[in-house]
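Observations on the three-dimensional arrangement
So you can see what is in the structure, the chains are spelled out below.
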Amino acid sequence: MIFIHCPHCGDRNEDEFTYGGDVEHRRPDKPDAMSDAQWCEYIYCVPNTKGWAKEHWWHVRGCNRWILVERNSINNELRKPDEDSGSE
Ligand SMILES: [Zn+2]
């Protein structure tokens with residue numbers, strides 16, 4: 001069980017949240033200018049970082065806001081995204 005800290009609601013169980021993806025995986029600015037292959041790569045080749053990654057989470061069963069979380073994918077440790085991420 002993971003407790004995610006929502007800056008608006010405090011520590012909450014992860015089942016109140018929906019994962020929104022890696023922060024680095026941004027929607028292209030001009031999707032109409034992309035080829036089908038480029039679009040498929042954007043849709044299906046999502047980051048799967050081993051270690052620390054900044055992620056969007058939607059507090060869907062709470063304040064209904066998107067928050068930024070930094071999570072270690074190896075052990076699900078969480079920390080505030082503004083902390084020093086070190087060299088990992
Ligand atoms: Zn919240």
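Everything in this summary refers to the structure shown in the same document. (Residues numbered from 1 in each chain as written. Predicted model: local features only at pLDDT ≥ 70, side-chain atom pairs only at ≥ 80, totals over all residues. Heavy atoms only, no water.)

Notes on the nonpolar core
- Core analysis: the biggest nonpolar cluster contains seven residues, these being Ile 2, Ile 4, Cys 6, Phe 17, Trp 57, Ile 67 and Val 69.
- At the level of secondary structure, the elements contributing two or more residues to this core comprise β1 (3–6) and β5 (66–72). (Core = buried A, V, L, I, M, F, W, Y, C linked by side-chain atoms within 4.5 Å. Buried < 20%, exposed > 50% of the residue type's maximum accessible area, 1.4 Å probe, protein only. Helix = DSSP H or I, 4+ residues; strand = E, 2+ residues; numbered from the N terminus.)

Considerations on the side chain of His 59
- The residue His 59 is located in the loop between β4 (52–58) and β5 in this model.
- With residues near it in sequence (within four places) discarded, His 59 still touches Cys 6, Cys 9, Arg 12, Glu 16, Phe 17, Asn 64 and Arg 65. (Contact = heavy atoms within 4.5 Å.)

Looking at the coordination of the zinc ion
- Distances from the zinc ion to its protein donors, Cys 6 (SG), Cys 9 (SG), His 59 (ND1) and Cys 63 (SG), fall within 2.1 to 2.4 Å.
- For the zinc ion, the four donor atoms in the first shell make angles of 105 to 116° at the metal, a pattern classed as tetrahedral.
- Here the donor residues of the zinc ion are spaced in sequence according to C-x2-C-x49-H-x3-C. Linking Cys 9 in the loop between β1 and β2 (10–13) with Cys 63 in the loop between β4 and β5, this pair joins segments that are 54 residues apart in sequence. (Donors = N, O, S within 2.8 Å, 3.2 Å for Na, K, Ca; no water. Tetrahedral: all angles 85-135°; square planar, octahedral: opposite > 155°, others 65-115°.)

Some points on the packing of aromatic side chains
- The full count for this structure, using the stated rule, is three aromatic pairs.
- Judged by centre distance (5.2 Å) and plane angle (40°), the ring pair of Trp 39 and Tyr 42 falls under tilted. Highlighted residues: Trp 39 and Tyr 42, both in helix α1 (residues 36–44), separated by three residues, approximately one helical turn.
- With centroids separated by 5.7 Å and ring planes inclined at 20°, the aromatic side chains of Trp 58 and Trp 66 adopt a geometry described as stacked.
- Trp 58 gets classed as partly exposed once you look at its relative accessible area, which sits at 28%.
- Here the guanidinium or amino end of Arg 79 rests over the ring plane of Trp 52, the centre of that ring lying 3.7 Å away. (Phe/Tyr/Trp six-rings, centres within 6.5 Å; stacked < 30°, edge-to-face > 60°. Lys NZ or Arg CZ within 6 Å of the ring centre and 35° of its normal.)

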